[in-house]
Amino acid sequence: MPLLVTIGLEVHAQLNTDTKMFCACRTSFGDDPNTNTCPVCLGYPGALPVLNKLAIEKTLLTGLALGCGSPEFSRWDRKNYFYPDMPKNYQTTQMDFPLCLGGGVPLFDDCYPTDARKSIKTPNKIVRLNRIHLEEDVAKSTHLATTSLIDFNRAGTPLMEIVTEPDLESAEEAFAYLRSLQLVLQECDTSGADLEKGNLRCDVNISLREKESDPLGAKVELKNLNSFSAIRRSIYYEIERQTEELGMGIAQIQSTRRWNDELGETQMMRTKEDAHDYRYFPCPDLLPIATAPLLEIVRPLVPEPRLSKISRYQNDFGLTTYDASVLTADRHLATFFEETNTPEIPAKKTANFIINNLLGTLNEQSITIADCPVPPKKLRDLLSLVENGTLAPNQAKEVFTVLFSSPQREVKAIADEMGFKPTSAGELDSLVDQIIAENPEEVAAVKAGNEKLINFLTGKVMKSAPTKPNPKQVTDLLRARLL
Ligand code: ZN
Ligand code: MN
């Protein structure tokens, strides 16, 4: 019998504010070390913190989007410990009255690892949240052979700590949770939520037990998980390691382990401190926050939940689940689609062009949709030319390639220049007549039932046309004459 796996996640998400949590220093990344610092974030004695209102609002907004509640007053606490990257010797954080309580993160189907999407154990699962609190980041240490360097640019950056209940049961669910949370944070525009850039950091708590009625086993915390694959692999590894040890009668102890990505194993760091080891107490420098007025400010900013958006796209626009999922995975992409979409063009065609051609081109050139050079209106102009028969779908792709590199030009002008003009009806008629006259054998064959040869004749007309007519228009004319 395999043991039951219980997983809880703690995610630190860096808020995307311009300035730090308790001072006016910039949060910009990549500046020279120790240039974005001041007495507050360097922890000078006597320096007093000033709250970053936007950071508080963004945390409350995230909480609303995830269905959290908030205490009437939220409070600041000091978490005391010594570490060189934190010269105050305490982290200003929130213990008993965090900004957000409860709520949950829905696991979206397309957020599971690709190979696990066909066998989702609990569809539409919502992972309950315990809390979201706001705190400050520490400095960044770099350890060299004989010295260590500390960069305080990151110290004091606002972090949301998002803590789940122990609701997850597998590596796949943990993966889906993180990816789903990432989408929600990006949709709310409260965090870049990029794991690779370090603005989303994840710790996994994992324990095993024999049956549901047993108390939860001693939990092991995994640290240093900085990619989706590391999260999945480390959980597999840890399930196997704990299963093996428990099988040999070795009891697990509450501890923290580091994931070594190269070796593909977790390594013991320390046995875990309990909360009381940190001697939390209310921060005497900061007043509690009355949450109600701030909640009213952010309530109108809560984005449409992704699942409602997906069903709206299906119901209102007739899109497939797949199309709707792709388009709603990025708020900029969804906006782009909605701004391109028009009643004159079937939404399915617009979605197809965006997903297959636009996204493909953006990917090739490593441009994000937010920086797409072609504005929605120009794409709509292009699709209208397909809709009115001026351009065949393949021709539209060619025009799009040119448009992408010179987006300031008019679509019609590009199409004209490339010879994609509707050949005048009379002109096209006489061309068709001419080709029919020149190819009596093929014409006879078509009339005898070999419809495939229509394509051959279409090709002939296309070649002799002065412009590049829409092949469909030519085929239709030939059919009308011959069949
Ligand atoms: Zn500062
Ligand atoms: Mn924390």
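The model shown is predicted, which means the values in this text are computed figures rather than measured ones.

**Quick notes on the overall build of the chain**
Helix and strand counts for the chain come out as 15 helices and 16 strands. For 483 residues, the compact-globule estimate of 2.2 N^0.38 gives 23 Å, and the C-alpha radius of gyration of the chain, at 30 Å, exceeds that figure by more than 25%. With the principal axes as the frame, the chain shows a C-alpha extent of 95 × 55 × 50 Å. Taking all 483 residues of the chain together, 47% fall into the buried category. A fraction of 69% describes how many contacts in the chain between residues 6 or more apart in sequence connect residues 24 or more apart. As displayed, the chain offers around 23800 Å² of accessible surface, 54% of which is attributable to carbon and sulfur atoms. In the chain, 53 side chains carry a positive charge and 66 a negative one; their mean positions are 2 Å apart.

**What about the nonpolar core?**
One finds L9, I56, W76, I162, Y177 and V204 to be the most contacted residues of the largest nonpolar core, which totals 63 residues. Per-element tally for this core: the top contributor is helix 2 (residues 171-188), with 11 residues. If near-sequence neighbours (up to four positions away) are discounted, Y177 is found in contact with L9, V11, V105, L107, V127, L129, I162, T164 and L168.

**Regarding the coordination of the zinc ion (ligand 1)**
C23 (SG), C25 (SG), C38 (SG) and C41 (SG) make up the full set of protein donors to the zinc ion (ligand 1), lying at 2.3 to 2.4 Å. Each of the 4 donor atoms bound to the zinc ion (ligand 1) contributes to angles spanning 100 to 116 degrees, and the resulting shape is tetrahedral. Read from N- to C-terminus, the donor residues coordinating the zinc ion (ligand 1) fall into the pattern C-x1-C-x12-C-x2-C. Highlighted residues: C23 in the loop between strand 1 (4-14) and helix 1 (53-65) and C41 in the loop between strand 1 and helix 1, separated in sequence by 18 residues. In this pair, the class of C23 matches that of C41, namely buried.

**As for the pairing of strand 11 (residues 200-209)**
Most of strand 11 sits out of view: 9 of its 10 residues are buried. Pairing between strand 1 and strand 11: 10 bridges, direction antiparallel. The residue bridging I7 from the neighbouring strand is I206, located in strand 11. Sheet topology note: the strand 11/strand 12 (residues 220-225) ladder contains 4 bridges and is antiparallel. Of the residues in strand 12, the one forming a bridge with V204 is L222.

**Things to note about the coordination of the manganese ion (ligand 2)**
Ligation of the manganese ion (ligand 2) by protein atoms is provided by H12 (NE2), E135 (OE) and E161 (OE), these donors lying 2.0 to 2.2 Å from the ion. When the donor residues of the manganese ion (ligand 2) are listed from N- to C-terminus, their spacing reads H-x122-E-x25-E. With E135 in strand 7 (residues 126-136) and E161 in strand 10 (residues 158-164), this residue pair connects regions lying 26 residues apart in the sequence. We note that E135, like E161, is buried.

**Quick look at the sheet that holds strand 15 (residues 281-282)**
Taken in spatial order, the 3 strands of this open sheet run 4-3-15, and their pairing is antiparallel. With partners counted over all chains shown, the strands left at the sheet margins are strand 4 (90-93) and strand 15, one partner each. Bridge count for strand 3 (residues 77-80) against strand 4 is 4 bridges, and the pairing is antiparallel. Residue pairing across strands places K79 opposite Q91, the latter belonging to strand 4.

**A closer look at the domain arrangement of the chain**
Splitting the chain by domain gives domain 1 (4-298), domain 2 (304-417) and domain 3 (425-482). Listed by partner, the interface residues are 5 residues for domain 2 and 6 residues for domain 3. In this assembly, domain 2 packs against domain 3 so that about 280 Å² is buried in total across both faces, 34% of it on carbon and sulfur atoms. Three residues, G389, A392 and Q395, lead the burial of domain 2 against domain 3; their summed loss comes to 84% of the area buried on that side. Summed over the shared surface of domain 2 and domain 3, the number is 0 salt bridges. By residue class, the composition of the side of domain 2 that touches domain 3 is 2 nonpolar, 3 polar and no charged.

**So, the packing of aromatic side chains**
All told, the structure shown has 10 aromatic pairs when counted by the stated rule. Aromatic pair F317 and F337: ring centres 5.5 Å apart, planes at 75 degrees, arrangement edge-to-face. Of this pair, F317 sits in helix 5 (residues 306-317) while F337 sits in helix 7 (residues 331-340), placing them 20 residues apart in sequence. Since its relative accessible area comes to 24%, F317 is described here as partly exposed. Taking relative accessible area as the criterion, F337 reaches 0% and is therefore assigned buried. With a centroid separation of 5.3 Å and 85 degrees between ring planes, the pair formed by F353 and F400 is classed as edge-to-face. One end of the pair, F353, is in helix 8 (residues 347-364); the other, F400, is in helix 10 (residues 393-405), with 47 residues separating them in the sequence.

**Thoughts on the environment of I126**
Along the chain, I126 falls in strand 7. C-alpha separation for the pair I126 and N455, spaced 329 residues apart in sequence, amounts to 54 Å.

**As for the side chain of T6**
Examined against the element boundaries, T6 turns out to sit in strand 1. Not counting residues up to four positions away in its chain, the partners in contact with T6 are P166, L168, N205, I206, S207, R209 and L216.

**Let's talk about the packing of helix 2 against helix 3 (residues 228-247)**
Relative to each other, helix 2 and helix 3 sit at 155 degrees, their axes nearing to 8 Å. Viewed along their axes, helix 2 and helix 3 adopt a mutual orientation that is roughly antiparallel. Classified by chirality, the crossing of helix 3 by helix 2 is right-handed. Only F228, I231, R232, I235 and Y236 of helix 3 make contact with helix 2, whose side of the interface consists of A171, E172, A174, F175, L178, R179 and Q182. Grouping the amino acids of the contact of helix 2 with helix 3 by side-chain chemistry returns 8 nonpolar, 1 polar and 3 charged.

**A word on the pairing of strand 9 (residues 148-151)**
Here strand 8 (residues 140-143) pairs with strand 9 via 4 bridges, running antiparallel. Across the sheet, residue S141 finds its bridge partner in strand 9, namely I150.

Quick notes on the rules
Residues numbered from 1 in each chain as written. Chains lettered and ligands numbered in written order. Predicted model: local features only at pLDDT ≥ 70, side-chain atom pairs only at ≥ 80, totals over all residues. Heavy atoms only, no water. Helix = DSSP H or I, 4+ residues; strand = E, 2+ residues; numbered from the N terminus. Rg over C-alpha atoms; globule rule 2.2 N^0.38 Å. Buried < 20%, exposed > 50% of the residue type's maximum accessible area, 1.4 Å probe, protein only. Contact = heavy atoms within 4.5 Å. Areas by Shrake-Rupley, 256 points an atom, 1.4 Å probe, with all protein chains shown as cover. Lys, Arg positive; Asp, Glu negative; His and termini not counted. Charge placed at Lys NZ, Arg CZ, Asp CG, Glu CD. Core = buried A, V, L, I, M, F, W, Y, C linked by side-chain atoms within 4.5 Å. Donors = N, O, S within 2.8 Å, 3.2 Å for Na, K, Ca; no water. Tetrahedral: all angles 85-135°; square planar, octahedral: opposite > 155°, others 65-115°. Pairing = 2+ DSSP bridges. Domains from an automatic or database assignment. Buried area = accessible area lost by both parts, 1.4 Å probe. Salt bridge = Lys/Arg side-chain N within 4 Å of Asp/Glu carboxyl O. Nonpolar A, V, L, I, M, F, W, Y, C, P; charged D, E, K, R; others polar. Phe/Tyr/Trp six-rings, centres within 6.5 Å; stacked < 30°, edge-to-face > 60°. Axes fitted to C-alpha atoms, helices over the stretch in contact; angles between N-to-C directions. Parallel < 35°, antiparallel > 145°, perpendicular 65-115°, else oblique. Left-handed = near helix turned anticlockwise from the far one by under 90°.

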